[in-house]
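Below, each chain spelled out in residue letters.
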Amino acid sequence: MSNNIRFTKMHGAGNDYLYVNTLLYKVPDPERASIVWSARHTGVGSDGLVLIGEPKDRDAADFSMRIFNADGSEAMMCGNASRCIGKYLYEKNICRKDEIRLETLSGVKVLRLHFDSDSDPETVTSETVDMLEPRTDVPEQFTGTAPTHDVPGFRSARFVSMGNPHYVIFVDDIKGLDIASHGVLLEHSPEFPERCNIEFAQILPDGSIRTRVWERGSGITMACGTGACATAVAASLLGLAPRESDIIMDGGTLHICWSPTDGHVYMTGPAAFVCDGEIALPE
């Protein structure tokens, strides 16, 4: 039996992962595989590993997603990865539906695929993901004192869960902010015993929100779908922005709408293929 695994590298707004179809290939130790394969210099290089598989409940979902960060820890959800899965399934002729139900550790997400019917009706140009309702209550373990670790230009902060924890910090000027040094301290802050994703955000004059991300388990990433959603929700709760906004991240822009009708957060953005390849299972 071959130990070689076929993978596809994709990115959503620069947030890159390696995708494996576990209906065809088994990855017995995904934690180890994610660490080895994600290494930028000795592996393929990515923010982590995503496994596409059968859902536990076929009546509730079409496919499942498991996602592992670059450090091997398993994440609850990734908005950018979910969009990539929609494009992957459709364009590789695995699932030719324009609405796909995806089972994640934070619930079933509905992916709505968008096409350019005039120029290329076979290519998924963008997707809208129903990210369900955010949780805006403060966790019990949170002390109530906003940890800032002396972030320059600190204005306000808010905890938001999108199925995974986010702490969004708004600053006066995001340029030149040392994301790495502040991010690692905040991720491991005592207020977050299970660690936390950290977003640094600035409201721009045109109403859009410039955001940079420190992801739990991966460090600085080009974008984070759940982070973009959390940023938009936090901005709205703090009265800094309306319920619909563009979140500008290092790798691209995501449009976020926190619906006043059903309370769900809808994320729209692109997904792109990088390459296909083959790699051996780590020893």
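The structure displayed is predicted, hence computed values, not measured ones.

Rules of the game
- Residues numbered from 1 in each chain as written.
- Predicted model: local features only at pLDDT ≥ 70, side-chain atom pairs only at ≥ 80, totals over all residues.
- Heavy atoms only, no water.
- Helix = DSSP H or I, 4+ residues; strand = E, 2+ residues; numbered from the N terminus.
- Rg over C-alpha atoms; globule rule 2.2 N^0.38 Å.
- Buried < 20%, exposed > 50% of the residue type's maximum accessible area, 1.4 Å probe, protein only.
- Contact = heavy atoms within 4.5 Å.
- Areas by Shrake-Rupley, 256 points an atom, 1.4 Å probe, with all protein chains shown as cover.
- Lys, Arg positive; Asp, Glu negative; His and termini not counted.
- Charge placed at Lys NZ, Arg CZ, Asp CG, Glu CD.
- Arc of directions from axis to C-beta.
- Pairing = 2+ DSSP bridges.
- Core = buried A, V, L, I, M, F, W, Y, C linked by side-chain atoms within 4.5 Å.

**Q** Account for the overall build of the protein chain, naming residues and giving values.
**A** Of the regular secondary structure elements, the protein chain holds four helices and 17 strands. Relative to a compact globule of 283 residues, whose C-alpha radius of gyration would be 19 Å, the protein chain shows 18 Å and is just as compact. Taken along the three principal axes of its C-alpha coordinates, the protein chain extends 55 × 45 × 35 Å. A total of 283 residues make up the protein chain; the buried ones form 53% of that total. In the protein chain, once contacts between residues fewer than 6 apart in sequence are set aside, the share between residues at least 24 apart is 61%. With an accessible surface of roughly 12,100 Å², the protein chain has 50% of that area assigned to carbon and sulfur atoms. Here the protein chain carries 25 positive and 40 negative side-chain charges, and the mean point of each set is 2 Å from the other.

**Q** Talk me through the environment of valine 108; I want residue IDs and the actual numbers.
**A** Relative to the helices and strands, valine 108 is located in strand β7 (residues 107-116). Residues valine 108 and glycine 153, spaced 45 residues apart in sequence, show a C-alpha to C-alpha distance of 38 Å.

**Q** Outline helix α3 (residues 179-187), listing residues and values.
**A** Among all positions of α3, only Ile179, His182, Gly183, Leu186 and Glu187 are buried. Buried residues in α3, looked at end-on, bunch into an arc of 125 degrees, giving them a common side. Taken together, the buried residues of α3 touch β10 (165-171), β11 (197-203), β12 (209-215) and β13 (219-221).

**Q** Go over the pairing of β7 with me, naming the residues and quoting the values.
**A** Where strand β6 (residues 99-104) meets β7, six bridges bridge the pair, whose relative direction is antiparallel. Note on β7: the bridge partner recorded for arginine 101 is valine 110. Here β6 hands over to β7 after two residues, the two strands then running antiparallel side by side. Of the pairings in the sheet, the one linking β7 to strand β8 (residues 120-130) comprises seven bridges and is antiparallel in character.

**Q** Report on unusual backbone geometry, specifying residues and quantitative values.
**A** For asparagine 93, which is not glycine, the phi dihedral falls at a positive 60 degrees. For asparagine 93, the position within the fold is in the loop between α2 (79-91) and β6. Phi at arginine 195 is positive, roughly 65 degrees, even though this residue is not glycine. Turning to its location among the elements, arginine 195 is positioned in the loop between α3 and β11.

**Q** How would you summarise the nonpolar core if you had to cite specific residues and measurements?
**A** Counting residues in hydrophobic clusters, the biggest one holds 51 residues, and the most contacted among them are Tyr19 and Ile256. If one sorts the elements of this core by residue count, helix α4 (residues 225-237) sits on top with seven residues. Each residue touching isoleucine 256, except ones within four places of it in the same chain, is listed here: Ala228, Cys229, Ala232, Arg243, Glu244, Ser245, Ile247, Val265, Tyr266 and Met267.

Read these as geometric descriptors, not functional statements.
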